[in-house]
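# Architecture at a glance
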Amino acid sequence: MDIEEAATPRLTREDRYRILVEGIIDYAIYMLDPAGVVTSWNKGAQRFKGYADHEIVGQHFSRFYTAGDRATDLPARALMIAETEGRFEQEGWRVRKDGTLMWAHVLIDPIRTEDGTLLGFAKVTRDLTEQQATKAALRQSEQRFRLLVQGVRDYAIYMLDPTGRVTSWNKGAQRFKGYSDAEIIGEHFSRFYTDEDRATDLPGTALATATKEGRFEAEGWRIRKDGSRFWANVVIDAIRGDHGELIGFAKITRDITERRDAQQALEETRARFIQSQKMEAVGQLTGGVAHDFNNLLAVVLGNLELARKRLPPDPKLRQLIDNSIQAAHRGATLTKRMLAFARRQELSTTPVDVPDLIRGMGDMLQRSIGLNIPVNMQFPLQLPHVLADANQLELVVLNLCVNARDATPAGGTITLVAREAKVSAEDVQGLKPGNYVCLSVIDTGEGMDAETLAKAAEPFFTTKGVGKGTGLGLSMAHGFAEQSGGRLLLKSVKGQGTTAELWLPEADMSKAIQPDRQAEPELPKLDPVTVLVVDDDALVLMNTAAMLEDLGHTVVEAVSGEQALRILRRSRETIDLVITDQMMPGMTGTQLIDAIWAEYPDMVAILASGYAELPENGLVPVPRLTKPFGQSELARTLMTSLRPEGLVLPFRPKLA
């Protein structure tokens, strides 16, 4: 035995246990006698409870309990349970020496001899105040979160178990879907989906995606309790435990029906705007083509009329020329329709024989609609004339018939019916009292429901796909009828066809200018004058000059406004009248006339154009020649602008 070993005292087993227990500071470990009196006290007990061993040894352990626990005799019951059951364990509030409370985990074990005699109790206490505060804070946080989720009304927030059954339900879910907690908890969430989505197992796909990828998001129709639909944004998140096991799903649904409707309306507006831009471009192209075509027709008509005057007495040759003139006039009618489409045609309201007009366009209607849909016409033997613009009326009838054709894709019939009608002061359709002619376009097609019928005449509304219709046909027809003092009425039943009624006011023939049916007298001979003709188209310029020269006048030609002004400045005294084209590069006809009148206020000017939309010029309107014009129209315009005895300006007062 060495010196160090000899100096170290030998410790018994009991000594080692005592030193171990007394040295522990994270647990209060102490002994009680069978009556509950403290018989030992370690450093952990002193640290937790605040008593030194001389202050507590010999005292009853009940002083560590709250007044409420002592009132229920919990200390005695704890010892009894430990003695009879071999163990007592509990968590609860305990009292320190300074009166503060701590949350303690308490374990009491009975201590017995080998023969079972009770020697006392071993009591182990741990201070869990911090853990308890953490748990309380967590519970409070969970409670607040639960109240938050339950109180949200703009989102449906609820939980699903791993099979898709509802396990929680907030107020937003009740508001959107219409189910109370008692009605829906325990039910499968697939009941919110449409029959079509359930048929494709979209609910199962959604859960499978969320399980695999952690999240599923989509938009679609969902069903409320009352069977109505709403457009929903849906997010499903997988909820997993600490070890990655699937606990269930968190599902958030938002009703975005209003937002979807607004977005669709915006997209439709954008598509309509693009379509209107396209149609505007088509209109500009059509107007430009019609303008150039008018110039060509003017040349053809003028030359044919001059050629007919110089024909030898050959009936067959005259018939060929007359047929060519008739074809050119039909071409002029076509350009008027093109310009009307482009809104550049000068329009005039005159008495129109509706049956005669429609019969005249019968071939065109049938070709436009197709031979598979017959067009029937049912007109009375006598029908009053209407007061309308014939070209616009033709366009409206064509639009209505094309709409009727599109409404009968499987075939059917289109019937045009006209009748005389009288409207009283009590009429509810908005028509003023008076006599009308009602033109009906009746089809046997698909018809429209009430919602579609209510929007049918709105601008840009169409049930056709983009590129298959402008949505302007019925609105143009409605506008035409309104401008004419009438009304467009639509009647339709889904599956039973549509009737479009165009009501137009009857023309007062007593006030209408009746054309002289006698042979047109020869135009009075005008004294020869010198005419300055201005046109950038060489063919039109040559043709106009030829017709004027054939009438006995002298012609000076100019191909631009600038050249015309130079000629006038050199030869003002010899020029009696100016005829100018409107559409010319550099300077338009109206600009040229303004420039002429600024220098020569008494100069007579005539504007030649096929367009209706012309800028205002001077103080009063300018005499017009509508292209294409023939020699007779040219001569009449000269006659109304000049008198044989000298120059007169009936359209514009002489300026000082």
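In what follows, the structure referred to is the one given above.
None of these values were measured; they are calculated from a predicted model. (Residues numbered from 1 in each chain as written. Predicted model: local features only at pLDDT ≥ 70, side-chain atom pairs only at ≥ 80, totals over all residues. Heavy atoms only, no water.)

What follows deals with the pattern of salt bridges. Oppositely charged side chains may form a pair once their charged atoms are brought near each other. Scanning the model with the defined rule gives 16 salt bridges in all. For Arg215, the salt bridge identified is with Glu217, shortest N-O distance 3.0 Å. Of the residues examined, Glu217 reaches a relative accessible area of 45% and is grouped as partly exposed. Linked through salt bridges whose partners overlap, the residues forming this network are Arg215, Glu217 and Asp237. (Salt bridge = Lys/Arg side-chain N within 4 Å of Asp/Glu carboxyl O. Buried < 20%, exposed > 50% of the residue type's maximum accessible area, 1.4 Å probe, protein only.)

A few words now on helix H22 (residues 631-641). Residues Gln631, Leu634, Ala635, Thr637, Leu638 and Ser641 constitute the buried set of H22. Down the axis of H22, the buried set is contained in an arc of 165°. They therefore lie on one face. (Helix = DSSP H or I, 4+ residues; strand = E, 2+ residues; numbered from the N terminus. Arc of directions from axis to C-beta.)

What follows is about the pairing of strand S2 (residues 88-95). As defined by bridge partners, S2 adjoins strand S3 (residues 101-112) across eight bridges and the pair is classed as antiparallel. Looking across to S3, one finds that Arg94 is bridged to Met102. The hairpin turn running from S2 into S3, its antiparallel successor, is five residues long, and Gly99 in that turn takes a positive phi close to 90°. (Pairing = 2+ DSSP bridges.)

A complete count under the given rule lists 14 aromatic pairs for this structure. Judged by centre distance (5.9 Å) and plane angle (75°), the rings of Tyr30 and Phe64 are edge-to-face. Taken together, the positions of Tyr30 in strand S1 (residues 28-32) and Phe64 in the loop between helix H4 (53-56) and helix H5 (67-71) put the pair 34 residues apart, joining distant regions of the chain. The two residues Tyr30 and Phe64 agree in class, both being buried. Geometry around Phe192 places Lys177 over its ring, the cationic atom sitting 4.0 Å from the centre. (Phe/Tyr/Trp six-rings, centres within 6.5 Å; stacked < 30°, edge-to-face > 60°. Lys NZ or Arg CZ within 6 Å of the ring centre and 35° of its normal.)

Even without a glycine there, the phi angle at Asp73 is positive, about 60°. Its place among the elements puts Asp73 in the loop between H5 and helix H6 (74-85). Looking at Asp73, the relative accessible area reads 42%, which means it is partly exposed. Notably, Asp201 is not glycine yet its phi reads approximately 55°, a positive angle. Positionally, Asp201 belongs in the loop between helix H10 (195-199) and helix H11 (202-213). For Asp201, a relative accessible area of 44% puts it in the partly exposed group.

Let's shift gears to the packing of helix H15 (residues 362-369) against helix H16 (residues 390-406). Where H15 contacts H16, the two axes come as close as 10 Å, and the packing angle between them is 30°. Of the two possible hands of crossing, H15 and H16 adopt the one that is right-handed. Between H15, through Leu365, Ser368 and Ile369, and H16, the contact on the second element is made entirely by Val397, Leu398, Cys401 and Arg405. (Axes fitted to C-alpha atoms, helices over the stretch in contact; angles between N-to-C directions. Left-handed = near helix turned anticlockwise from the far one by under 90°. Contact = heavy atoms within 4.5 Å.)

Within the secondary structure, Thr580 is located in strand S18 (residues 577-581). Among residues more than four places away in sequence, those in contact with Thr580 are Val534, Gly589, Leu592, Ile593, Ile606, Leu607 and Ala608.

Quick look at the sheet that holds strand S19 (residues 604-609) now. Pairing is parallel across the open sheet formed by five strands, whose spatial order is S17-S16-S18-S19-S20. Of all the strands in the sheet, just strand S17 (554-558) and strand S20 (624-626) have a single pairing partner and so form its edges. Across the sheet, the axes of successive neighbouring strands diverge by a mean angle of 20°, strand direction being ignored. Pairing between S19 and S20: three bridges, direction parallel. In the sheet register, Ser609 faces S20, and the bridge partner there is Thr626. Packing against the sheet, helix H19 (residues 538-550) makes contact with strand S16 (530-534), S17 and S18, and its axis sits at approximately 170° to S17.

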